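# Coordinates in review
Each chain, written out:
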Amino acid sequence: MSDCIFCKICDGTIPADIVYEDEHCLAFRDIQPKAPVHLLVIPRKHVASLDDLSDADRELAGHMLLTIPRIARQQGLEGGYRTVANTGKGGGQEVFHLHFHILGGGTPKPL
Ligand code: 5GP
Ligand code: ZN
């Protein structure tokens with residue numbers, strides 16, 4: 001998607017502090033961190049949100065969920081972390097390219 005900021009991070013047009021990448025997804029630091037460690041994990045493929053995943057994305061979705069704990073460990077979050085996927089305007093989503101927030105390294109506020 002040419003006007004998608006996270007697609008531009010995927011193709012290197014917009015710089016980001018990338019901490020992990022593989023053939024299906026990448027993780028980079030949020031530009032406005034809400035925790036000492038605040039990462040965004042995104043698929044390379046443009047999918048707008050969780051609502052837009054289809055059965056054809058089963059492998060991609062599973063891969064991302066399995067990769068999140070690996071990235072968290074790699075970032076030293078052995079004590080735990082929060083994973084958030086805001087979905088749709090009513091869910092507070094601002095960037096419409098699927099992403100999982102990983103938040104950790106501090107004292108979490110109860111949801
Ligand atoms: P959402 O509200 O859609 O779940 O979260 C979008 C997140 O993307 C926000 O936490 C925001 O700070 C982050 N973000 C928006 N634009 C950029 C950017 O250009 N670079 C990085 N690294 N993060 C961004
Ligand atoms: Zn995109």
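Before reading further, recall that the structure is shown in the block above.
Residues numbered from 1 in each chain as written. Chains lettered and ligands numbered in written order. Predicted model: local features only at pLDDT ≥ 70, side-chain atom pairs only at ≥ 80, totals over all residues. Heavy atoms only, no water.

### Details of the site of ligand 1
If you check the shell around ligand 1, you find 16 residues, and the closest are R29, D30, E94, H99 and H101. Contact distances for ligand 1 include 2.5 Å between an oxygen atom and a side-chain N or O atom of D30. Contact between ligand 1 and H99: an oxygen atom at 2.8 Å from a side-chain N or O atom of the residue. When the free accessible area of ligand 1 is taken as 520 Å², the share hidden by the protein chains comes to 87%. If you list the elements that add at least two residues to the shell around ligand 1, you get helix 1 (5–10) and strand 2 (25–29). Take the shell around ligand 1: its biggest share by element is three residues, from helix 1. (Near = heavy atom within 4 Å. Polar contact = N/O pair within 3.5 Å; in protein donor to acceptor, adjacent residues only side chain to side chain. Areas by Shrake-Rupley, 256 points an atom, 1.4 Å probe, with all protein chains shown as cover. Helix = DSSP H or I, 4+ residues; strand = E, 2+ residues; numbered from the N terminus.)

### Re the coordination of the zinc ion (ligand 2)
Within the protein, the atoms that donate to the zinc ion (ligand 2) are C4 (SG), C7 (SG), H46 (ND1) and H97 (ND1), at distances of 2.0 to 2.3 Å. What the four donor atoms of the zinc ion (ligand 2) show is an angle range of 106 to 116° at the metal, which sorts the shape as tetrahedral. When the donors of the zinc ion (ligand 2) are listed by position in the chain, the intervening gaps give C-x2-C-x38-H-x50-H. The class for C7 is buried, based on a relative accessible area of 11%. (Donors = N, O, S within 2.8 Å, 3.2 Å for Na, K, Ca; no water. Tetrahedral: all angles 85-135°; square planar, octahedral: opposite > 155°, others 65-115°. Buried < 20%, exposed > 50% of the residue type's maximum accessible area, 1.4 Å probe, protein only.)

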